[in-house]
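What the coordinates show
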Amino acid sequence: MGFRIFVPILAGATLRERLLACIGATIGIALTGVISGLAMGGGPHVALLVAPMGASAVLLFAVPSSPLAQPWSIIGGNSISALVGVTVALFVHDPVIASGLAVALAIAAMSFTRSLHPPGGAAALTAVLGGPAVLSFGFLFPLVPVALNSTILVALGLLFHRLSRRNYPHVHAPANSHGTADAPPTKRVGFRPEDVDAALAALDETFDIGRDDLERLLCQVELQAMVRSHRTLLCRDIMSRDVISVPENATFDEARKQLLDHNIRTLPVVDSDGRLAGAVGLRELTKEADAVKGVMSKTATASPDTPAMRLLPVLTDGRSHAVVIVDAERHILGLITQTDLLAAAARMQTAGTELSAA
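Residues numbered from 1 in each chain as written. Predicted model: local features only at pLDDT ≥ 70, side-chain atom pairs only at ≥ 80, totals over all residues. Heavy atoms only, no water.

1. With respect to the nonpolar core
Rule in force here: Take the buried Ala, Val, Leu, Ile, Met, Phe, Trp, Tyr and Cys residues and link them wherever side-chain atoms come within 4.5 Å; each set so joined is a nonpolar core. Burial status follows relative accessibility: with a 1.4 Å probe on protein chains alone, a residue under 20% of its type maximum counts as buried, one over 50% as exposed, and anything between as partly exposed. The way it works is that DSSP assigns letters per residue, a run of H or I at least four long becomes a helix, a run of E at least two long becomes a strand, and they are numbered from the N terminus. Residues count as neighbours in contact if any of their non-hydrogen atoms are within 4.5 Å of one another.
One finds L60, F61, F141 and L153 to be the most contacted residues of the largest nonpolar core, which totals 21 residues. Where this core is concerned, the elements lending two or more residues are helix 1 (15-40), helix 2 (52-62), helix 3 (71-91), helix 5 (119-129) and helix 7 (142-163). Top element by residues in this core is helix 2. It accounts for five residues. Once residues lying within four places of it in the same chain are set aside, the contact partners of F141 are V50, A82, V86, A123, T126, A127, V134 and V146.

In structure tokens, the structure reads:
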């Protein structure tokens, strides 16, 4: 049991990932030193590498998905902190006071510039306590060697992660293809973004994971739990909520523009009271009329509490591409397409298979 303290605490850490981190750090630090030496002319009194680069390499190669390890965090965090350290050293001559003040102001500067990077604290401290080697650079120190080292290291990291097929810089899943505020179909099951914000506010702590990544992780956790407990998937769980619609008196050009701009096949039509009156698609817009009211067709509807799989017969009849989710007064609450239903069913099936295999 005593050896449990040596168990890695990083989620998803595998032997392969750690080996890649070791290889990447070896190559990254070595080549950063070589390239920096060539750029600065070499020589025994030239600082080819600053110590914070070692800590930056740990983040860059061991946890490349961390918000603290992204390119701007590394380059901006180290350089800005070094500038803060040099400035503090110029005005505060007591090394103890200067050290504490430099690190504190570096944290503030990185926070305001969205470049928080732990090794930045070391860069600020190095600028204060670096001695003659740092003093000889003066205000050039944040640029050479700090910014130079950081930029080279990031460039090498980009190349290494590309060759090892890692996602770096870490990017989040793209938004949906319809240009609306809804999450992609595969992310609509369960809790909503405001629930994540409320939970973070309640915990009142800072975590080393991006908010979007946290939401994506929690979404998958909830899906796994839902499959395990066989909870019925409701229309409210997977429906789009940012629904594009047009009024009854809209022209054909207005309706056609909405369909093409948002890459959708069904466009709900609402009356003067905002209630669902029908729907149009490109097929209806080939007919003759003064406004969409004259060509709109009936559309399938369901309530938010309807089990989602009950829509399967409607969405596979060869005619309907979407079901509009309405309240008791036919106000539009959401919309479910064939893609939404298929994505939810596929995720549940995949999760169920993985749980069975486990």
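Right, picking up where we left off after that structure.
2. Re the environment of T180
Structurally, T180 can be placed in the loop between helix 7 and helix 8 (193-203). Under the relative-accessibility criterion, T180 is labelled buried at 16%. A sequence separation of 63 residues divides T180 from V243, and the C-alpha atoms of the two residues are 7.8 Å apart. Those residues in contact with T180 that sit more than four places away from it in its chain are D242, I244 and H262.

3. Overview of the side chain of S73
In this fold, S73 is placed in helix 3. Discounting residues that sit within four places of it in the chain, S73 has contacts with P67, L68, N78, S115, L116 and H117.

4. Quick look at a nonpolar patch on the surface
We apply this condition: Residues form patches when they are more than 30% accessible in relative terms and have no salt bridge. Like charges link within 9 Å. Nonpolar side chains (Val, Leu, Ile, Met, Phe, Trp, Tyr) link within 5 Å. Each accessible area is a Shrake-Rupley estimate made with a 1.4 Å probe; only the visible protein chains count as cover when residues are assessed. Note on definitions: salt bridges are taken to be side-chain nitrogens of Lys or Arg within 4 Å of carboxyl oxygens of Asp or Glu.
Taken together, the side chains of I23, I27, L31, V34, I35 and L38 make up a nonpolar region of the molecular surface, amounting to roughly 530 Å² of accessible area. Here L38 lies in helix 1. A relative accessible area of 69% means that L38 is categorised as exposed.

5. Observations concerning the packing of helix 1 against helix 2
To keep things clear, this is the line we draw: Here, axes are lines fitted to C-alpha atoms. For helices the fit covers the stretch in contact, and angles between N-to-C directions go from 0 to 180 degrees. By the definition adopted for this analysis, an angle is roughly parallel if under 35 degrees, roughly antiparallel if over 145, roughly perpendicular if from 65 to 115, and oblique otherwise. Note: crossing handedness is left-handed where the near helix turns anticlockwise from the far helix by less than a right angle, and right-handed where it turns clockwise. Any residue outside Ala, Val, Leu, Ile, Met, Phe, Trp, Tyr, Cys, Pro, Asp, Glu, Lys and Arg is labelled polar, Gly included; the first ten of those are nonpolar and the last four are charged.
The geometry of helix 1 relative to helix 2 is characterised by a closest axis approach of 8 Å and an angle of 140° between their N-to-C directions. Between helix 1 and helix 2, the interaxial angle falls into the category oblique. The crossing of helix 1 and helix 2 is right-handed. Contact residues: R18, A21, G24, A25, G28 and I29 in helix 1; M53, G54, A57, F61 and A62 in helix 2. When its residues are assigned to classes, the contact of helix 1 with helix 2 shows seven nonpolar, three polar and one charged.

6. Things to note about the sheet that holds strand 2 (residues 267-270)
We apply this condition: A strand pair is defined by DSSP finding two or more bridges across the two strands.
With mixed pairing, three strands are arranged side by side in an open sheet as 1-2-3. Of all strands in the sheet, those with a lone pairing partner are strand 1 (246-247) and strand 3 (276-280), marking the two edges. Direction of pairing for strand 1 relative to strand 2: parallel, over a ladder of two bridges. When the sheet's bridge partners are listed, V246 is paired in strand 2 with V269. Helix-sheet contacts for helix 11 (residues 252-261) involve strand 1, strand 2 and strand 3, and the interaxial angle to strand 2 is about 140°.

7. Concerning the sheet that holds strand 4 (residues 301-302)
Two orientations exist for strands paired in a sheet by backbone hydrogen bonds: parallel and antiparallel. Across the sheet, which stays open at both edges, the three strands sit in the order 4-5-6 with mixed pairing between neighbours. Looking at strand neighbours, the two that pair on one side only are strand 4 and strand 6 (332-337), the edges of this open sheet. Judged from the two bridges that link them, strand 4 and strand 5 (residues 322-326) form a sheet pairing that is parallel. When the bridges of strand 5 are listed, A302 appears paired with I325.

That's the geometry; what it means functionally is another story.
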